[in-house]
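Summary of the model geometry
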Amino acid sequence: MEGLMDDMSTGKDTGIDLNVGLDWGMDYGDDTGGVRDSDDIEDNVDTTDSDSEDDNNTNFGDDDKENISDEHLHSFETQPHSSDAPLHKDAANPAMAPPYSSMYDWTLLDKVGNGKPYSKWESDDVVGYEFETLVEAAKFYSTYGCVMGFSVRKNTHTYSKYGVKNMQRWVCSREGEHQPVHNDKENRKREPRPVTRLHCPAAFKVSFVEATNRFKVKQFIPTHFHHLAGAHEVQFLSSHRKVDDASKAQIRSLRAAGIRTNQIMDYLVNCARSFQNLGFTKTDVYNFVSADRRSEILDSDSEAALAYLQARATTDPRFYCRYTVSDGGELGNMLWADSSSQLDYSLFGDVLVFDSTYKTNAYNLPFLLFIGVNNHNASTLFACALLADETAENYVWILNAFLHCMGGKKPTADITDGCSSMRKAIKSVLPGSRHRLCSWHLGNNAEARGHAEGFWEDFKRCMLNCSSIPQFEATWKEILSKYDLEHNAWMKKMYR
């Protein structure tokens, strides 16, 4: 990004002539804000990546069983469910395991259960067993789910006072139920999705024991209220689908060579000899390609944004943009406005509304809008800004940049959502402007207080319909008395 910025700027907050009338400035120094990536949260059980292997199926006759180890015989005898095909009967032997077996730890199953077949396990056979780490416990239940034929997902967890996770509970993916609002919806345009939540009680919970420094099984419920998947169906369950590192490397290489995603999927299936051996579906490949493409764009999106704004300047002689750069070379605050917005402000800029409630971008950065009302009583946009964070110093910088863009014209009145940092900045930069709070935000805060029925309507009437001070005072006292709020801290704050 620094190379692009060097081409755009030769000084600190001085503006640069790009021969198209662009006022493009850049500040260096105190701002430490920057573009931040959002954290992805995975709902499925954490498992390690796997390497693809071939699924070498070997059939043993009755005469050959005497040459097989007891470990293999134990696997033959512990079929997990009554589907049409046994599931991974040789899973205890790494050479005979599915190609994605490194996602699991098959040896853990032989350590638990008192030697019983997996399908015969009861709560007492597992409760009390201790695992070295939480990851090991997660691998155990994920392996158990793969063997039995059900998908696993995280349910609840707790943290210690030191911020370390000390309890984790997993459940079957069919635990719980769908909300009635989804089940009872009328006038559907599409067919409803199949019901997947069937109140399945299967669960597994571990808690940290300080005395042994291990995670102890506190709950194990093996019962299911639904049909379990067969051997040929397990790879389609959500918690048992994973694009392994080897396949990711192949996908990236083939994409770089210009191969289409559907052709890549066909190639991977041919290499694995079947979908069952692959361990993931075509949807997983498309999702990975999409996420990988977004991550490539994410690394250079600040340069892309600046390049886009610079391109806008070539078609709009009065286009304005100013931004800051942190000491680490990251993009900080940025404000921009086109010539149409500047003209609107010169005509309708008496009242200025600051709206900083938009944080739905990928970085959770405050997106600030400068809004007014034109002669048609319609909203009009004066400028847009991105803030590194909501501090008084950043708001001061944004307001100064806005006034510089608008030729120094200050609004007569301003309306905000009540942010304390913004209030401080307005007092510093716009001391002569009348500061008011947005009635929409006030109404939301009042409604969220959960007072008695009818409070919101009376509060709105007092806020919007009182045309004189005596009328407001009388209505306010009436509300305080009616809802017994004379000593309510929020109401006192709103009155002040």
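Rules and cut-offs
- Residues numbered from 1 in each chain as written.
- Predicted model: local features only at pLDDT ≥ 70, side-chain atom pairs only at ≥ 80, totals over all residues.
- Heavy atoms only, no water.
- Helix = DSSP H or I, 4+ residues; strand = E, 2+ residues; numbered from the N terminus.
- Expected span 1.5 Å × (residues − 1).
- Buried < 20%, exposed > 50% of the residue type's maximum accessible area, 1.4 Å probe, protein only.
- Arc of directions from axis to C-beta.
- Contact = heavy atoms within 4.5 Å.
- Axes fitted to C-alpha atoms, helices over the stretch in contact; angles between N-to-C directions.
- Parallel < 35°, antiparallel > 145°, perpendicular 65-115°, else oblique.
- Left-handed = near helix turned anticlockwise from the far one by under 90°.
- 1 Å grid on protein atoms, 1.4 Å probe; cavity = no way out; pocket = protein on both sides within 12 Å on 5 of 7 lines; lining within 4 Å.
- Points joined across faces, edges and corners; volume = space filled by probe spheres on them.
- Nonpolar A, V, L, I, M, F, W, Y, C, P; charged D, E, K, R; others polar.
- Salt bridge = Lys/Arg side-chain N within 4 Å of Asp/Glu carboxyl O.
- Phe/Tyr/Trp six-rings, centres within 6.5 Å; stacked < 30°, edge-to-face > 60°.
- Lys NZ or Arg CZ within 6 Å of the ring centre and 35° of its normal.
- Pairing = 2+ DSSP bridges.

Per an unreviewed UniProt entry, the recorded name for the protein is Protein FAR1-RELATED SEQUENCE, and the organism is Linum trigynum.

1. Looking at helix H17 (residues 469–482)
Between its terminal C-alpha atoms H17 stretches 20 Å, which fits the 20 Å expected from 14 residues at 1.5 Å a residue. Inspection of H17 places Thr475, Trp476, Ile479 and Leu480 among the buried residues, and these make up the whole buried set. Projected down its long axis, H17 shows its buried positions confined to an angular sector of 135°, all on one face. Turned more than 90 degrees away from the buried face of H17 sit Pro470, Lys477, Ser481 and Lys482, all of them exposed. Along its buried surface, H17 packs onto helix H16 (455–465) and helix H18 (489–495).

2. Comments concerning the packing of helix H13 (residues 392–405) against helix H14 (residues 420–429)
H14 packs onto H13 with a crossing angle of 45° between their chain directions and a minimal axis gap of 8 Å. Classified by the interaxial angle, the pair formed by H13 and H14 is oblique. In the crossing of H13 with H14, the sense of the turn from one axis to the other is right-handed. Here Ala392, Tyr395, Val396, Leu399, Asn400 and Leu403 of H13 lie close against H14, whose contacting residues are Ser421, Met422, Lys424, Ala425, Ile426 and Val429.

3. With respect to the layout of surface pockets
Computed from the structure, the second largest pocket encloses a volume of approximately 920 Å³. In terms of lining residues, the second largest pocket is bounded by 24 residues, among which Arg436, Leu437, Cys438, Leu442 and Met494 are the most central. For the lining of the second largest pocket, the secondary structure elements donating two or more residues are strand E13 (434–437), helix H15 (439–448), H16, H17 and H18. Partitioned by chemical class, the residues of the lining of the second largest pocket number 13 nonpolar, 5 polar and 6 charged.

4. Let's talk about the pattern of salt bridges
As enumerated under the stated definition, the model contains 10 salt bridges in all. Among the salt bridges present, the one from Glu130 reaches Arg214, with a minimum N-O distance of 3.3 Å. Residue Glu130 is found in strand E2 (residues 130–131), and its partner Arg214 is found in strand E6 (residues 214–221); the two are separated by 84 residues along the sequence. By relative accessible area, which is 23% here, Arg214 ends up partly exposed. For the salt bridge of Glu132 with Arg214, the shortest nitrogen-to-oxygen distance reads 2.4 Å. Of this pair, Glu132 sits in the loop between E2 and helix H5 (134–148) while Arg214 is found in strand E6, placing the two residues 82 residues apart along the sequence.

5. Focus on the packing of aromatic side chains
Scanning the entire structure with this criterion turns up 25 aromatic pairs. Between Tyr141 and Phe204, the aromatic rings sit 4.9 Å apart at their centres with planes inclined by 10°, giving stacked as the arrangement. Here the residue Tyr141 occupies a position in helix H5, and Phe204 occupies one in strand E5 (residues 203–209), the gap between them amounting to 63 residues. The residues Tyr141 and Phe204 share a single accessibility class, namely buried. With a centroid separation of 4.4 Å and an interplanar angle of 5°, the aromatic rings of Phe370 and Phe402 are classed as stacked. One end of the pair, Phe370, is in strand E10 (residues 367–373); the other, Phe402, is in helix H13, with 32 residues separating them in the sequence. Taking the relative accessible area as the measure of exposure, Phe370 reaches 0% and is therefore buried. Here the aromatic cluster, defined as three or more aromatic residues joined through ring pairs, consists of Tyr118, Trp121, Tyr129, Phe131, Phe140, Tyr141, Tyr144, Phe150, Trp170, Phe204 and Phe220. One Lys or Arg, Lys409, reaches over the ring of Tyr345 and ends 5.4 Å from the middle of that ring.

6. Topic: H16
The periodicity of an α-helix, 3.6 residues per turn, causes residues three or four places apart in sequence to face the same way. The set of residues buried in H16 consists of Phe455, Asp458, Phe459 and Cys462. For H16, the buried positions fall inside an angular range of 100° around the axis, keeping them on one side. Pointing more than 90 degrees away from the buried face of H16 are the exposed residues Leu464 and Asn465.

7. Section: the sheet that holds strand E3 (residues 152–159)
Ordered by their spatial adjacency, 5 strands build an open sheet running E2-E6-E5-E4-E3, and the pairing between neighbours is antiparallel. In the strand order of this sheet, the two ends are held by E2 and E3, each with one partner. Pairing of E3 with strand E4 (residues 165–172), which is carried by 7 bridges, proceeds in the antiparallel orientation. Bridging from a neighbouring strand, Arg153 pairs with Val171 of E4.

8. Focus on the environment of Leu134
With respect to the element layout, Leu134 can be found in helix H5. Judged by its relative accessible area of 17%, Leu134 falls in the buried class. Considering only alpha carbons, one finds Leu134 and Ser207, 73 residues apart in sequence, at a separation of 8.9 Å. The residues touching Leu134, leaving out its near neighbours within four places in the chain, are Lys165, Gln168, Trp170, Val206 and Phe215.

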